[in-house]
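# Residue-level structure breakdown
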Amino acid sequence: MTEVSDREPPRRRVPGPARPSRPASAQRRPGPGARPARRPTGPPPRGAAPRVIRLGSPRPRLRMVGLALALVLIAFVVRLLQVQAVDASAYTAKAEQNRYVGQVLPAERGEITDRTGVAFATSEDAYDITADPTMFARAQLKIDDGPERAAALLAPILGRQQSVLVKTLRPKDKNLRYVKLAGRQTPQVWKQIRDLRSALSAKAETDRSTVNVLAGLFSVPSSKRVYPNKDLAAGILGWVNADGQGGGGVEQQLNATLAGKDGKIRYAQSGGRQVPTVGSTETPAVPGSAVELTIDRDIQWAAQNAITEQVRKSAADRGYVIVQDTRTGEILALANSPGFDPNDLSKADPGALGNAAVQDAYEPGSTAKIMSMAAVLEENAATPLTHVTVPNRLHRGDRLFQDDIDHPTWYLTLNGVLAKSSNIGTILATGQLGKTQAEANRVLYSYLRKFGLGSHTGLGFPGETKGILAPPDKWSTSQQYTIPFGQGMSLNAVQAASVYSTIANGGVRVEPTLVRGTKGPDGRFTPAASPAKSRVVSQKTAKTLAHMLESVVDDREGTGAKARIPGYRVAGKTGTANRVDPATGTYKGYTSSFAGFAPADSPRITVYCAIQNATEGSYFGGQICGPVFKQVMEFALKTLQVPPTGAKAANLPVSFTP
């Protein structure tokens, strides 16, 4: 049987009559929420209207773009807040450091002149060659060897080692913006560098392979010390080192006065150059004061020529000449040989640097006998006419003393002891200063100290020695007999000259001076402080000593005949002492000297000459220093227009008949 289903069979769709098609404009658009009609996938039927392509909604994309922009703006705002608020001070300081550059403005160094205003030392325009190391780095030049290329070009111009320049241009501090490559270069040097820099810059504009490795070089106006008289008075003047500071002599002694006060400038820069539209702050430099010395350039020249020539003839180690105004204590000349040219220290003998006339301590020999005679006369132990019997040998303490020549017994006056420079006679005379030798030693020591021995001269000169003078209770057995004739103690040349100026000045010691005063930037002259004065011996004693010193020069038995000056009365004393060799500390060679003043009866000028270790010809002071004294004294008397007095010499007797 056939089972019949309860469900009706499906109806078949019968196509109805065709409806006329609506125009596209009359078709209904789906309302909101209606499902869009399914687009046909196949080709449109022939004769049908063209299909319209509709774009998707842009809103999702806009939302994505808006969100991205919002995130970017938020990042900028956060960074801006950090820079402007949180780290504002740090970034401000960093910007200031990179934008602003500070430089020192060197002060112009004051001149050094002689007593008439003639320049001994002056300053000329110069430049400090500087660089900005950041402008030599790879970030700026796009090359790795910028400092090496620049140094190769600069080394021959600046006269410096290439490796040193490279190290300076590539400092450890990568943020360093200022270094000095060379100081106080002449304008010609800077012009050469500037022209080379300009040539590289011009070539770089046309040739991309060329790099201007000198773009980071600059100049700062400065000054260079110049000594127009070259080696004249170099021992007095000293020199200025590479840092612009005094390295010796007056340049060092009065550096603070001469140097002035540096200024400074701070300005905005870009690419290493000043931005003119941005304000700068500047503290002007204060120029140094000029220093006027007591030195007379002409007398200094005469003294330096004379001692240089004699040192050469005698093949000596060195020599010095002091010329002093007996009334004021002013030093008119202080000459050394050998000397040096402070303009070029590279060629100087290191042993010649400094000022040996105040730095050398040596045993003076017989020129010191004038102090022993001063003590004897002042203490009334003897007179110039006192008879002194001088044997050929004298036994004292542990030694047997003698004079510089063998002789029979001499019968001399005290004046004759000085004229013939007898060591034995001096020992005998100073022995009368006390009842015992110890007491005589103390009396003599007190006079040596009054004359300035064992103390600084008062010049305040760098490296000055005060000599060696032990207290009398420390004198050895031999020293108590050698010190009276100038051995066993030491002094410098300025001290020795001061002793004779004291006698010439009537027994009043005036501290030696080398500076007359200073002239400030405003042109106002300030005189130096008055030197200290002290009476050493009475005027009567000083006058008697002057007469005795005339016998040394004028008497036929005197040792200073080569120091005679026609028309003038000259007082002087020779000296020939055993010399301590600085290298071995033992006696080797001689110190030859001559000291005196003129006119003897109305003193105006003292001249002292000493020569160390003469090895050719004579080594006696009267023979090699006497002529130097004469030459310098004659020149000084004429320069200062000192006339002869016309008075006759005292002509004190030298010997007596027993």
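Quick notes on the rules
Residues numbered from 1 in each chain as written. Predicted model: local features only at pLDDT ≥ 70, side-chain atom pairs only at ≥ 80, totals over all residues. Heavy atoms only, no water. UniProt positions renumbered as here; feature names shortened; annotations may be inferred. Helix = DSSP H or I, 4+ residues; strand = E, 2+ residues; numbered from the N terminus. Expected span 1.5 Å × (residues − 1). Buried < 20%, exposed > 50% of the residue type's maximum accessible area, 1.4 Å probe, protein only. Core = buried A, V, L, I, M, F, W, Y, C linked by side-chain atoms within 4.5 Å. Contact = heavy atoms within 4.5 Å. Salt bridge = Lys/Arg side-chain N within 4 Å of Asp/Glu carboxyl O. Axes fitted to C-alpha atoms, helices over the stretch in contact; angles between N-to-C directions. Parallel < 35°, antiparallel > 145°, perpendicular 65-115°, else oblique. Left-handed = near helix turned anticlockwise from the far one by under 90°. Nonpolar A, V, L, I, M, F, W, Y, C, P; charged D, E, K, R; others polar.

- The protein is annotated in an unreviewed UniProt entry as Cell division protein FtsI (Penicillin-binding protein 3) of Streptomyces achromogenes.
- Heading Subcellular location (unreviewed entry) of the UniProt record for the protein holds this comment: "Membrane".
- Turning to the protein, the UniProt record has this under Sequence similarities (unreviewed entry): "Belongs to the transpeptidase family."

## Remarks on helix α18 (residues 539-554)
- In this model, α18 (16 residues) spans 23 Å end to end at C-alpha, consistent with the 22 Å of a helix rising 1.5 Å per residue.
- Every buried residue of α18 is accounted for by Thr541, Ala542, Thr544, Leu545, Ala546, Met548, Leu549, Glu550, Ser551, Val552 and Val553.

## Considering the nonpolar core
- Of all hydrophobic cores here, the largest spans 91 residues; its most connected members are Val250, Leu293, Ile322, Ile370, Met371, Leu453 and Tyr608.
- Broken down by element, the residue count for this core peaks at 8 residues, all from helix α17 (residues 493-504).
- Contacts of Val250, omitting those with residues within four sequence positions, involve Ile112, Ile236, Leu237, Asn255, Leu258, Val291, Leu293, Phe461 and Leu514.
- Core analysis: the next-biggest nonpolar cluster, separate from the first, contains 32 residues, Val553, Ala563, Cys609 and Ala614 among them.

## Some points on the pattern of salt bridges
- By the definition in use, this model includes 21 salt bridges.
- Residues Asp145 and Arg149 are paired through a salt bridge, measuring 3.3 Å at the closest nitrogen-oxygen approach.
- The salt bridge partner of Asp344 is Lys347, with a shortest N-O separation of 3.9 Å.
- Overall, Asp344 belongs to the partly exposed group, its relative accessible area being 28%.

## As for the packing of helix α12 (residues 369-378) against helix α14 (residues 423-430)
- Contact geometry of α12 with α14 gives a least axis separation of 10 Å together with a crossing angle of 30°. With respect to each other, α12 and α14 are oriented roughly parallel. Two packed elements cross with a definite hand, and for α12 against α14 that hand is left-handed. Residues Lys369, Ser372, Met373 and Val376 of α12 touch α14, and the partners they reach there are Asn423, Thr426, Ala429 and Thr430.
- Of the residues belonging to the contact of α12 with α14, the class tally is 3 nonpolar, 4 polar and 1 charged.

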